[in-house]
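Chain and residue survey
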Amino acid sequence: MSAIKLEQIEGNDAGLKAALTEAHLPTDDIEDHGRTFFRARLSDGRAIGFLGVERCGDDFLLRSVVVLPDHRGQGLGSVLVERAVAGLDPGGAVFLATTSAAHFFARLGFSDVPRESVPAAVLATRQLSSICPSSATIMRLTRPPT
């Protein structure tokens, strides 16, 4: 799995938009300022997935994690999330919202949190304030102390 590289891409990347659309993930705000997206590639150059991170004050919103269909079921989603989180400031909390992948993220150390405990900067993102339904599960990563 060490052969996986994350390369930063723009929110208007056609591959990103197609992968998110196919996975039924939102694309409404991917070109907005303040989002950082990555394409994950194998050492031979094949794209295997995408993910995004949005900075929210001192915290982060993990978003748009998708493994391409030909590469699913190999544990690559876990690797993508772990690599992305490893590159973030360890002083910030990492949140996400999901309507269908809570079990997956729970295996990676994320736990459900009540909406009222989420920092205002995270709640103010378009993702949480208007795109994701209010029924979405909000999760926070429990990271070991640094």
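Residues numbered from 1 in each chain as written. Predicted model: local features only at pLDDT ≥ 70, side-chain atom pairs only at ≥ 80, totals over all residues. Heavy atoms only, no water.

**Points about the nonpolar core**
Ranked by size, the top nonpolar core spans 24 residues in total, and within it Leu51, Leu62, Val81, Val94, Phe105 and Phe110 carry the most contacts. When residues of this core are traced back to their parent elements, those giving at least two are β2 (35-41), β3 (47-56), β4 (59-67), α2 (76-86), β5 (94-98) and β7 (137-141). Here this core takes 6 residues from α2, the largest share from any one element. Among the nonpolar cores identified, the runner-up in size contains 9 residues, and Ala19, Phe50, Val66 and Leu68 belong to it. (Core = buried A, V, L, I, M, F, W, Y, C linked by side-chain atoms within 4.5 Å. Buried < 20%, exposed > 50% of the residue type's maximum accessible area, 1.4 Å probe, protein only. Helix = DSSP H or I, 4+ residues; strand = E, 2+ residues; numbered from the N terminus.)

**Looking at the side chain of Asp13**
Checked against the element boundaries, Asp13 lands in the loop between β1 (5-9) and α1 (14-22). Here the side chain of Asp13 touches Arg39 through a polar contact of 2.5 Å, side chain to side chain. Contact partners of Asp13, with chain neighbours within four places excluded, come to Arg39 and Phe50. (Polar contact = N/O pair within 3.5 Å; in protein donor to acceptor, adjacent residues only side chain to side chain. Contact = heavy atoms within 4.5 Å.)

**Re α2**
With 8 of 11 residues buried, α2 is to be regarded as a mostly interior element. Of all the residues in α2, the buried ones are Leu76, Gly77, Ser78, Val79, Leu80, Val81, Ala84 and Val85.

**Observations regarding the pairing of β2**
Counted residue by residue, β2 has 5 buried out of 7 residues, so it is predominantly covered. Pairing between β1 and β2: 5 bridges, direction antiparallel. Its bridge partner being in β2, Lys5 is matched across the sheet by Arg41. Strand direction decides the pairing type here: β2 and β3, joined by 7 bridges, are antiparallel. Along β3, the bridge assignment pairs Ala40 with Gly49. The antiparallel hairpin formed by β2 and β3 contains 5 residues in its connecting segment, where Gly45 sits at a positive phi of about 95°. (Pairing = 2+ DSSP bridges.)

**Let's talk about the pairing of β7**
Regular strands show a simple pattern: their side chains alternate between the two faces of the sheet. Strand direction decides the pairing type here: β5 and β7, joined by 4 bridges, are antiparallel. Residue Ala97 lies in a different strand from β7, and its bridge partner there is Ile138. Two strands pair when backbone bridges link them, and strand β6 (residues 110-112) and β7 are joined in this way by 3 bridges, in the antiparallel orientation. When the bridges of β7 are listed, Asp112 appears paired with Met139.

**Description of the environment of His33**
Mapped onto the fold, His33 is located in the loop between α1 and β2. According to the relative accessible area criterion, His33 is exposed, its value standing at 80%. For His33 and Glu54, which are 21 residues apart along the polypeptide, the C-alpha to C-alpha distance reads 9.3 Å.

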